[in-house]
Amino acid sequence: MIKAKGVCLKYPDGTPALNNINLSVEPGELVYVTGPSGSGKTSLLKLFMGVEYPTEGSLEILGQQIAKVHEKEIRQLRMKLGPVFQEFRLIKGRTVMENVMLGMRFLNASPSRLKEDAGVALTKVGLAHKALSLVENLSWGECQRVAIARAVARKPELILADEPTGNLDKDNALNILELLTSFKDNKTAVVITTHATHLIEGQKDCTLIRVDGGSISRERTGGA
Ligand SMILES: Nc1ncnc2c1ncn2[C@@H]1O[C@H](COP(=O)(O)OP(=O)(O)OP(=O)(O)O)[C@@H](O)[C@H]1O
Ligand SMILES: [Mg+2]
């Protein structure tokens, strides 16, 4: 579902963020992306989200080439992705349920079906009881869970979470990782960036990608 060949990303101001990335991610794979601050983790995820385009090389996400000439198709592609942004990007003045349903507005399904699926996602993240609360009245950890519910409610084929454990204590961070990885199945891959290498030590059956200075190394851990 992700195929990168010789991908480079240079920002318009000339900053070389990623250099010669070669990588493939298959359905059902769990990938952790680690590396120091400024190493290129978010940049890599932005490429996978079709938010940035490679300045060199070729990148294919769910069969779609990521390049400016395909802007229209990339908008369609985004509906098959489940992005969880570091800063959540929830819409204030709207309820938890409305925020989750806003993430589903492009789906071709009846309003009652959408509401049901949104409810299922909120139950999975343990927030069904907050469905009618305004998002500005939630705790930080609850906002995180709404962001995850919004990303998974549309049953994406690729879940992309940027630093979902930032600012959480160890137990809550592990809970969030467990929650995110629970959405992995034989059709769905999950990619998670994190600073917190201690949280993923000893995790089985996953791929570890280390980004350093814009280059990556990849390691596959043994099956569970
Ligand atoms: N829009 C941008 N324009 C120019 N340079 C950028 C832009 N976004 C990021 N960079 C630079 O690209 C490099 C990689 O940044 P990136 O945000 O991908 O790092 P990161 O690994 O996610 O860091 P952190 O762990 O702090 O989130 C950094 O040198 C950063 O300053
Ligand atoms: Mg980052």
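The notes below deal with the structure included here. Note that the structure is predicted; figures quoted are calculated from it, not measured.

A closer look at the sheet that holds strand 10 (residues 215-220)
Overall, mixed pairing links the six strands, which are arranged 6-7-8-3-9-10 in an open sheet. In this open sheet, the two edge strands, each paired with only one partner strand, are strand 6 (81-84) and strand 10. With direction set aside, neighbouring strand axes in the sheet form an average angle of 15°. As paired elements, strand 3 (residues 30-34) and strand 9 (residues 207-212) share four bridges and run parallel to each other. Among the inter-strand pairings, Tyr-32 is bridged to a residue of strand 9, identified as Leu-208. Against the sheet, helix 5 (residues 140-153) engages strand 6 and strand 7 (158-162), with an angle of about 170° to strand 6.

A word on the nonpolar core
Burial of nonpolar side chains together is a common tendency in soluble globular proteins. With 56 residues, the main nonpolar core has Phe-48, Val-100, Ala-149, Ile-159, Leu-180 and Val-191 as its most contacted residues. Looking at this core, the element that brings in the most residues is helix 5, giving seven residues. In terms of domain composition, this core takes at least three residues from each of domain 1 (1-80 + 158-169 + 184-224) and domain 2 (88-155). When sequence neighbours within four positions are dropped, the list of residues in contact with Val-191 reads Val-25, Val-31, Val-33, Leu-45, Phe-48 and Leu-160.

Reading guide: rules and limits
Every chain's residues receive numbers from 1 upward, in the order its sequence appears when written. To label them, take the chains in the order written and letter them from A, then take the ligands in the order written and number them from 1. Residues qualify for local features only when their pLDDT is at least 70, as the model is predicted, and side-chain atom pairs are given and counted only at 80 or more; totals for whole chains, interfaces and linings, by contrast, use all residues. In this description, strands pair whenever DSSP reports at least two bridges between them. Helix numbering and strand numbering both begin at the N terminus, where a helix is a DSSP run of H or I of at least 4 residues and a strand a DSSP run of E of at least 2. Angles here are taken between N-to-C directions and fall from 0 to 180 degrees, while the axes themselves are lines fitted to C-alpha atoms, restricted in helices to the stretch in contact. Contact between residues is assigned whenever the C-beta positions, reconstructed from backbone atoms, fall within 7 Å. Joined through C-beta atoms within 7 Å, a set of buried Ala, Val, Leu, Ile, Met, Phe, Trp, Tyr and Cys residues constitutes a nonpolar core. A residue is called partly exposed when the number of other C-beta atoms within 10 Å of its own lies between 12 and 20, exposed at 12 or fewer, and buried at 20 or more, with C-beta atoms placed from the backbone. The start and end points of each domain follow an automatic or database-based domain assignment.

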